Structures are given as structure tokens and as C-alpha cells.
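Spelled out from the first residue to the last, the chains are:
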Amino acid sequence: MSASTNGKVRVAIFTSNMDGGGAERAMAKLAGGIADRGYDVDLVLSRAEGHYLSEVPDTVRIVDLDASRVLGSIPGLVRYLRRERPAAMLTSMNYVNVVGIWARALSRIDTRLVVNEQNALSLEAAHSTRRRHRLMPRLIGRFYPWADRIVSVARGTADDLARTTGLPRERIEVVHNPIVTAELKELAKAPVDHPWFRPGEPPVVVSVGRLSPQKDFGTLLRAFARVRDRRPARLVILGEGPERGMLESLVSELGLEETAILPGWVANPYPWMANAGAYVLSSRWEGLPSVLIEALYCDVPIVATDCLSGPREILDEGAHGLLVKVGDVEALARGIESALAGEVPRPEPASWKPYEQGFVVERYLDVLVGA
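Residues numbered from 1 in each chain as written. Predicted model: local features only at pLDDT ≥ 70, side-chain atom pairs only at ≥ 80, totals over all residues. Heavy atoms only, no water.

Tallying secondary structure elements over the protein gives 14 helices and 13 strands in all. Taken along its principal axes, the extent of the C-alpha atoms in the protein is 65 × 40 × 35 Å. Among the 371 residues that make up the protein, the fraction classed as buried is 58%. Restricting to contacts in the protein with at least 6 residues of sequence separation, those with at least 24 account for 70%. Looking at the protein as shown, the accessible area adds up to about 15,100 Å², and 48% of this sits on carbon and sulfur atoms. (Helix = DSSP H or I, 4+ residues; strand = E, 2+ residues; numbered from the N terminus. Buried < 20%, exposed > 50% of the residue type's maximum accessible area, 1.4 Å probe, protein only. Contact = heavy atoms within 4.5 Å. Areas by Shrake-Rupley, 256 points an atom, 1.4 Å probe, with all protein chains shown as cover.)

Residues Val206, Met273, Tyr279, Leu292, Ile302, Ile314 and Leu315 are the most contacted members of the largest nonpolar core, which totals 35 residues. For this core, the secondary-structure elements that each account for two or more residues are β8 (204-208), β9 (234-238), α10 (270-274), β11 (278-281), α11 (290-297) and β12 (302-305). Take this core: its biggest share by element is five residues, from α11. Beyond its immediate sequence surroundings of up to four residues, Met273 is in contact with Val206, Val208, Tyr279, Val291, Glu294, Ala295, Cys298 and Val300. Formed by 33 residues, the second largest nonpolar core is a distinct cluster that contains Phe14, Leu65, Val98 and Leu161. (Core = buried A, V, L, I, M, F, W, Y, C linked by side-chain atoms within 4.5 Å.)

Further remarks concern the sheet that holds β12. A sheet is described by the order of its strands in space; here six strands give the open sequence β10-β9-β8-β11-β12-β13, paired in parallel fashion. Pairing within the sheet leaves two strands with one partner each, and these edge strands are β10 (260-264) and β13 (322-324). Taken over all neighbouring pairs, the strand axes of this sheet differ in orientation by 20° on average, direction set aside. Taken together, the five bridges between β8 and β9 define a ladder with parallel strand orientation. Within β9, the position partnered with Val204 by the bridge is Arg234. (Pairing = 2+ DSSP bridges. Axes fitted to C-alpha atoms, helices over the stretch in contact; angles between N-to-C directions.)

Here we have seven strands laid out as an open sheet, ordered β3-β2-β1-β4-β5-β6-β7, and parallel in their pairing. Strands at the two margins of the open sheet, each flanked by one partner only, are β3 (60-64) and β7 (172-174). Between one strand axis and the next, the sheet turns by 25° as a mean value, whatever way the strands run. By the bridge criterion, four bridges tie strand β5 (residues 112-117) to strand β6 (residues 149-152) in an arrangement that is parallel. What sits directly across from Asn116, in β6, is Val151.

Right, let's talk about the pairing of β10 for a bit. Sheet analysis places β9 next to β10, joined by three bridges and oriented parallel. In the strand pairing of β10, Leu238 is matched with Gly264.

Time to look at helix α8 (residues 217-230). For α8, which comprises 14 residues, the first-to-last C-alpha distance of 20 Å matches the rise-based estimate of 20 Å (1.5 Å per residue) to within 8%. Residues of α8 that are buried include every one of Phe217, Gly218, Thr219, Leu220, Leu221, Ala223, Phe224, Ala225 and Val227, and no others. Against the buried residues of α8 lie β8, β9, α9 (244-253), β10, β11 and α13 (329-340). (Expected span 1.5 Å × (residues − 1).)

Considering all chains together, one arrives at five aromatic pairs under this definition. Aromatic side chains Phe143 and Trp146 sit 5.0 Å apart centroid to centroid with 85° between the ring planes, which places their arrangement in the edge-to-face category. Take Trp146: its relative accessible area is 38%, and that puts it in the partly exposed class. Between Phe197 and Trp272, the aromatic rings sit 5.6 Å apart at their centres with planes inclined by 85°, giving edge-to-face as the arrangement. Taken as a pair, Phe197 in the loop between α7 (182-187) and β8 and Trp272 in helix α10 lie far apart in primary sequence, 75 residues in all. Residue classification places Phe197 among the buried positions, given a relative accessible area of 18%. Taken together through their ring pairs, the aromatic side chains of Trp102, Phe143 and Trp146 make up a single cluster. Over the face of the ring belonging to Phe143 we find Arg142, whose NZ or CZ atom lies 5.1 Å from the ring centre. (Phe/Tyr/Trp six-rings, centres within 6.5 Å; stacked < 30°, edge-to-face > 60°. Lys NZ or Arg CZ within 6 Å of the ring centre and 35° of its normal.)

In this section: the state of the cysteines. The final tally for this structure, using the stated rule, is zero disulfides. Among the cysteines around Cys298, which has no disulfide bond, Cys307 carries the closest sulfur, lying 19 Å off. (Disulfide = S-S within 2.5 Å.)

For the rest of this paragraph, the subject is helix α5 (residues 131-143). The end-to-end C-alpha distance of α5, which contains 13 residues, comes to 18 Å, matching closely the 18 Å that a straight helix rising 1.5 Å per residue would cover. Along α5, the largest kink reaches about 40° and is centred on Pro137. Among all positions in α5, only His133, Met136, Pro137, Ile140 and Phe143 are buried. Elements that come into contact with the buried residues of α5 comprise α3 (94-107), β5, α4 (121-127) and α6 (155-165). (Bend = angle between axes of the 7 residues up to and from the residue.)

Take the side chain of Asn116 next. Inspection of the secondary structure assignment puts Asn116 in strand β5. A relative accessible area of 0% places Asn116 in the buried class. One polar contact links Asn116 to Gln118, side chain to side chain, over a distance of 2.6 Å. Non-local contacts of Asn116, meaning those with residues more than four positions away in its chain, are made with Met27, Leu90, Thr91, Ser92, Met93, Asn97, Val151, Val153 and Tyr364. (Polar contact = N/O pair within 3.5 Å; in protein donor to acceptor, adjacent residues only side chain to side chain.)

Following both chains from N to C, one finds α3 and α5 inclined at 45°, their axes separated by 10 Å at the closest point. The angle between α3 and α5 places the two elements in the oblique class. When you trace α3 past α5, the crossing you get is left-handed. Across the interface between the two elements, Asn94, Tyr95, Val98, Ile101 and Trp102 from α3 touch Arg132, Met136, Leu139, Ile140 and Phe143 from α5. (Parallel < 35°, antiparallel > 145°, perpendicular 65-115°, else oblique. Left-handed = near helix turned anticlockwise from the far one by under 90°.)

The following block contains the structure:
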């Protein structure tokens, strides 16, 4: 039983911070949704920092372990578990999951532990230059069996996790991230304060994500250059990350200074998406890309790479958007042109219903506390 003094069951969610992308934002939404069901919820962070910290609801307690890196959070997490004794703890993302497993073992308490895999592990390990990431499949294969339940955000990531680590596929459950919330529905209604979205202007292609190799915005820029040569259009890539310098150089090299911009991280990207002529996901790999589900809700024609994993599942084999080959500049260019020409149908409301917060929270509560 939890250490709550008010009689409520305490649930903990442990992750590194509130920076980054869809996975971190999903944990903030999940924490708020569980708190709304009457649970005491602690969002336990290696370090309480990041863009999405402001999105954590007041109903959720933030526990800052103040560690310089995830591995360094083990002593603080052990102390937290022994002090608070939550009924269940969800950990999110592979290295965080392993650290959470070690901390639960060291704490010697009976908190139920659920680990959550967010990405395509095989591709994440293959593309990383960090030794830790390359070792991750072996660490996961060794330590994930210590968890009470293993969940992954999509069928593709679950299949990949089993293949890459040797874990039995039947031990891995698919539970989506909570993406479509009441807040998203309100935020999407806001106007876009940018001259490119005024009536009579050329259509705007929008993409959102961390400026990193995984998102492959270089291919998107090269594809857009071909689109721009053939018809009027503009491109906005919202996000921040280590590839900014390279991408800005590529914008200049392709002569796109007047038609492509990288405004940086934007707190509310949804009006940009809702008012776009097309939304594009150009990733090399994903887990369950939140932005694609948000684009479904924003009712915008979608073009996405058919990468592992998520897009094919989210777009229902292409019923809700156009799937193109990963890294294929011309295929992506033709896809964007099709969307701007009205040849890619807008998604139906049924496409985003499985990712509504209420539905997903119930699934997680079943896994965490058997509710």
C-alpha cells in the first residue's frame, strides 16, 4: 500500500526530465490523467527541467532527484521508493527503465514496476554513436524480466523489442501514449500569428520535431526544394536540436531562404498544424510519433515515411494519410505535391480516438494497479 496519508493510492512515473519530444509530453499528460482519476501521482525526474515542465498539472507532485545524469539518480530514487512506497511505478524509455529496475531492486520494497518502451530499439542502437545505446539491447534482455509488466507504445516497437532483445513477445503489451487531451483541443483553436498563414498566401508545409538525425529533416528540405521548383509553397520546421546549424546551411545551399524557416521550439504548434496545407513526418525511425496523432486531430492532410515504427499503424496502412519510402527525396516530394493538390484525404475523427487521454489512462491504470 502507498505511504499516502489521505487514503489515496500513490502512483509514481519516473523519467529523466521534461525536455525532448513526444515521450516526455506523453508522461506529463498521463500523470495528469491518472491524478484526475483520484490517485496521488508523483512525477519523479532525474532533473526537473525542460520545456514541458510547465505542462505538468498542479494535481501532480514533481519530485526532483537533482541528478546530473540518469544513472546518478539511483540513490535518490531508492530513497524516494523507501520513503513513499508507491503502489506502482511506471518508468519510461530504455535507459531510464533499466535504472528504475535497479533502484527498485536496491530499495527492497514491493512497489509494482511497469517499464515503458517508447522507441524502435534496434534502430536507436544502430544509429547511436554512444556506447551506452549500443549496449542497451543486452541490458534490456538481461534486466527487463525483473519488471512486473513490460509495455510498448505500438505493435511495431513491441515486435522490434522482442526481436532485438530475445524477450518473449507475449510478455510485451501494447499501450499507446495519451495524445489527444482537452488541452490539445483548446490549443488547436488558437490563431497563427505568422504572415505566411494569411488568406491568399501559398500553402504551408509543416513539420514538428527535434532537429536530430532521427527526424531526417535534411531529406525533407531536399524534397521541398523540388516541390518549390514545381509550384508555390512554403515550409516551416518547428523544433530545436543539434542539427540546427547543418539544416540552416542546407536551407542556404538549396536557395530556400525565402520559402523555408526553422523558428525553433514553439509552445503551441497545433494551430500551425491545423492551418497547414500538409503535415509531413520525414523520420528514419520512430516509436509512436505523437506529432502524427496530433496532426490527425488537427485535420490536416498527412505525408509520412513508412518507418519503424508507428506511421503505418497510426495511419491504418495509409487510410488516414500517405506513406512514402524512408529517405527517398523524390517520393517525399511527390507525396507533398499530392497533399497540396488535395489528393490525400483529410483524416477521419475515428483515426485519433484510440489515443484520447481518457481511454489510454484506463489502460495504464489496469496495467499499473489493476483498476
